[in-house]
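# Observations on the model geometry
Each chain, letter by letter, is given below.
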Amino acid sequence: MTQAQATHPAGGEQPPPSQDMVLAALQRCYDPCCRDKGISVVEMGLIEAIVIEGRQVRIDMVLTSGWCPFAMHLLTMIEQEVGILGGVAEVQVNIVWTPTWTPSRLAESARQKLTLPLEQLLPLRAARLTNPPTAPNPSMLHNQE
């Protein structure tokens, strides 16, 4: 959980952030595995809920895997991005296990970015069919001393 400052430059408090403001901040958060493709945690379908109660923001998110090595990185990034929004005093990010993440949660924009065009795949398939891999020579698998 992160505590964030939420004061207006003139000294008064800012109003709480809107759902759209939080969603926009989450669009700037990336799983390191998808950053190069520009797929945010929102597009990946990781965000399950956004709850704004006054100046407190709670975000429930699912992970693609229970063994995600970047879970803490994601939590920290989300806390930082949402925490800098005006009107936010506290950010809490919870990992939830229900529902389970499946590829059906991907936004259409993420699907497009993760799909190789068929014209790129056909030559690879053709090369594989004309030059199938050979089985390794069993004698090469043993240490020869």
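Please refer to the structure higher up on the page.
Overview of the structure.

### Quick notes on the overall build of the chain
- A count of helices and strands for the chain gives five helices and four strands.
- Along the chain direction, N to C, the helices and strands of the chain fall in the order β-α-β-β-α-β-α-α-α.
- When each of the 145 residues of the chain is scored for burial, the buried share is 30%.
- Across the chain, contacts joining residues at least 24 apart in sequence account for 67% of those joining residues at least 6 apart.

### Concerning helix α4 (residues 118–130)
- Across its 13 residues, α4 extends 18 Å between first and last C-alpha, which sits within 8% of the 18 Å expected from 1.5 Å per residue.
- Sparse coverage of α4 is indicated by the burial of zero of its 13 residues.

### Observations concerning the pattern of salt bridges
- One pass over the full model with this rule turns up four salt bridges.
- Across the pair Lys113 and Glu43 runs a salt bridge whose closest N-O atoms are separated by 3.3 Å. Here Glu43 lies in the loop between α1 (19–26) and β2 (47–53) and Lys113 lies in helix α3 (residues 108–114), a separation of 70 residues in the sequence.
- Classification of Glu43 as buried rests on a relative accessible area of 11%.

### As for the packing of α1 against helix α2 (residues 71–83)
- As a packed pair, α1 and α2 sit with axes 9 Å apart at the nearest point and diverge in direction by 135 degrees. Judged by the angle between their axes, α1 and α2 are oblique. When you trace α1 past α2, the crossing you get is right-handed. Residues Val22, Ala25 and Leu26 of α1 lie in contact with α2, whose contacting residues are Ile78, Glu81 and Val82.
- Its residues assigned to classes, the contact of α1 with α2 shows five nonpolar, no polar and one charged.

### Looking at the nonpolar core
- Core analysis: the biggest nonpolar cluster contains 30 residues, and Val22, Leu26, Leu46, Ile59, Met61, Ile78 and Val82 have the highest contact counts within it.
- Counting only elements with at least two residues in this core, the list comes to α1, β2, β3 (56–61), α2 and β4 (90–95).
- At six residues, α2 tops the list of elements feeding residues into this core.
- When near neighbours in sequence (up to four residues on either side) are disregarded, Ile59 contacts Val22, Leu26, Ile47, Ala49, Ile78, Val82, Gln92, Val93 and Asn94.

### Remarks on α1
- Turning to α1, its buried residues number three or more, namely Val22, Ala25 and Leu26. One side of α1 holds all its buried residues, which, seen down the axis, span an arc of 100 degrees.
- Taken together, the buried residues of α1 touch β2, β3 and α2.

How each quantity is defined
- Residues numbered from 1 in each chain as written.
- Predicted model: local features only at pLDDT ≥ 70, side-chain atom pairs only at ≥ 80, totals over all residues.
- Heavy atoms only, no water.
- Helix = DSSP H or I, 4+ residues; strand = E, 2+ residues; numbered from the N terminus.
- Buried < 20%, exposed > 50% of the residue type's maximum accessible area, 1.4 Å probe, protein only.
- Contact = heavy atoms within 4.5 Å.
- Expected span 1.5 Å × (residues − 1).
- Salt bridge = Lys/Arg side-chain N within 4 Å of Asp/Glu carboxyl O.
- Axes fitted to C-alpha atoms, helices over the stretch in contact; angles between N-to-C directions.
- Parallel < 35°, antiparallel > 145°, perpendicular 65-115°, else oblique.
- Left-handed = near helix turned anticlockwise from the far one by under 90°.
- Nonpolar A, V, L, I, M, F, W, Y, C, P; charged D, E, K, R; others polar.
- Core = buried A, V, L, I, M, F, W, Y, C linked by side-chain atoms within 4.5 Å.
- Arc of directions from axis to C-beta.

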